[in-house]
Amino acid sequence: MRSFVEKKGILFDLDGTLVDSKPGIFGAIRYTFRELQLPQLSEEEMDRFIGPSIGSSFRSICGFSDEQTQKAITLFRTYYREKGLFECEVYPGMTDLLRELKTENRKVALSTKKPEVFAKKILENKGLLPYFDAVSGADYADQSEHKGYIIRKAADLLGLPVGDCVLLGDTRFDCIGASMVGMDCIGVLYGYGTWQELCDNGAAALAENMRELSALLCGGLIQ
């Protein structure tokens, strides 16, 4: 198994990697479609919202015009800000892994397409913010799919070259973004992506669970 214990910087995606945020995201989508008086999406369709920005999802998945997209974003964020933000759970064993990384004096950053202000509130609410040296997220205007610039910004905030960092992510958007800046990506299989999409988009390694992720990053110290 390939080891990443030499990497000085560890970057975490948020949704599907650090926390299971599907309940809050799905709740916000359902609220949006109720307010727009449109038929609800299937779970399979809502799954596709996880990863890219919410604006690009409304356009590509729902075929919304720019005007419809802006209205949908406003409704989505109204629910998400007030309720959905905290409808998530930290994956079991994640806090132990973060604690071990800090014990080893590794630098840790969050790299997410979620608006940065939301991401910080989630970390604070779940008691994880003290483990992070930097948070790199999107701004409210970001409606792009790729996250390469967010990943690079996270490495810059840590003060490290991208080659000294590794990204942990669960979808092709993480693999593609890491590849754009020349960074390795470990694909986590407990999240929302699939083995196939992670392999097809260049994941440097795969982790089925927290034990395997620990083995890749810390030599297997977390059980």
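Everything discussed here concerns the structure shown above.
Residues numbered from 1 in each chain as written. Predicted model: local features only at pLDDT ≥ 70, side-chain atom pairs only at ≥ 80, totals over all residues. Heavy atoms only, no water.

Draft legend 1. View of the packing of aromatic side chains. Summed over the entire model, instances satisfying the criterion amount to nine aromatic pairs. Ring geometry for Phe58 against Phe76: centres 6.4 Å apart, planes inclined by 80 degrees, an arrangement best described as edge-to-face. Of the two residues, Phe58 sits in helix α3 (residues 54–62) while Phe76 sits in helix α4 (residues 66–82), which places them 18 residues apart along the sequence. Measuring from ring centre to ring centre gives 5.6 Å for Tyr80 and Phe118, while their planes differ by 50 degrees; the resulting arrangement is tilted. Pair noted here: Tyr80 is in helix α4 and Phe118 is in helix α6 (residues 116–125), with a separation of 38 residues, a long-range link. Neither Tyr80 nor Phe118 differs from the other in exposure class; each is buried. (Phe/Tyr/Trp six-rings, centres within 6.5 Å; stacked < 30°, edge-to-face > 60°. Helix = DSSP H or I, 4+ residues; strand = E, 2+ residues; numbered from the N terminus. Buried < 20%, exposed > 50% of the residue type's maximum accessible area, 1.4 Å probe, protein only.)

Draft legend 2. Representation of the packing of α3 against α4. Running from amino to carboxyl end, α3 crosses α4 at an angle of 130 degrees, the nearest separation of the two axes being 9 Å. With respect to α4, the element α3 is oriented oblique. In the crossing of α3 with α4, the sense of the turn from one axis to the other is right-handed. The segment α3 lies against α4, with Ile54, Gly55, Phe58 and Arg59 engaging Asp66, Thr69, Ala72, Ile73, Phe76 and Arg77. Counted by class, the contact of α3 with α4 contains five nonpolar, two polar and three charged residues. (Axes fitted to C-alpha atoms, helices over the stretch in contact; angles between N-to-C directions. Parallel < 35°, antiparallel > 145°, perpendicular 65-115°, else oblique. Left-handed = near helix turned anticlockwise from the far one by under 90°. Contact = heavy atoms within 4.5 Å. Nonpolar A, V, L, I, M, F, W, Y, C, P; charged D, E, K, R; others polar.)

Draft legend 3. Broad picture of helix α5 (residues 94–103). Turning to α5, its buried residues number three or more, namely Met94, Leu97, Leu98, Glu100 and Leu101. Taken end-on, α5 shows its buried residues confined to a sector of 160 degrees, consistent with a single buried face. Buried residues belonging to α5 abut β1 (9–12), β3 (89–90), β4 (107–115) and α10 (210–218). Looking one or two residues beyond α5, the residue adopting positive phi is Asn105, at roughly 60 degrees. (Arc of directions from axis to C-beta.)

Draft legend 4. A look at the pattern of salt bridges. Applying the stated criterion to the full structure yields 12 salt bridges. Close ionic contact of Lys147 with Asp174 constitutes a salt bridge, the shortest N to O distance being 2.8 Å. With Lys147 in the loop between β5 (134–138) and α7 (148–158) and Asp174 in helix α8 (residues 172–181), this pair connects stretches of sequence that are 27 residues apart. Assigned by exposure class, Lys147 and Asp174 land together as buried. Arg172 is paired through a salt bridge with Glu197; the nearest N and O atoms lie 3.7 Å apart. Note that Arg172 is positioned in helix α8 and Glu197 in helix α9 (residues 195–200), a separation of 25 residues in sequence. Residue Glu197 is classed as buried on the basis of its relative accessible area, which comes to 17%. Each member of the salt-bridge network shares a partner with another, and the members are Asp13, Lys147 and Asp174. (Salt bridge = Lys/Arg side-chain N within 4 Å of Asp/Glu carboxyl O.)

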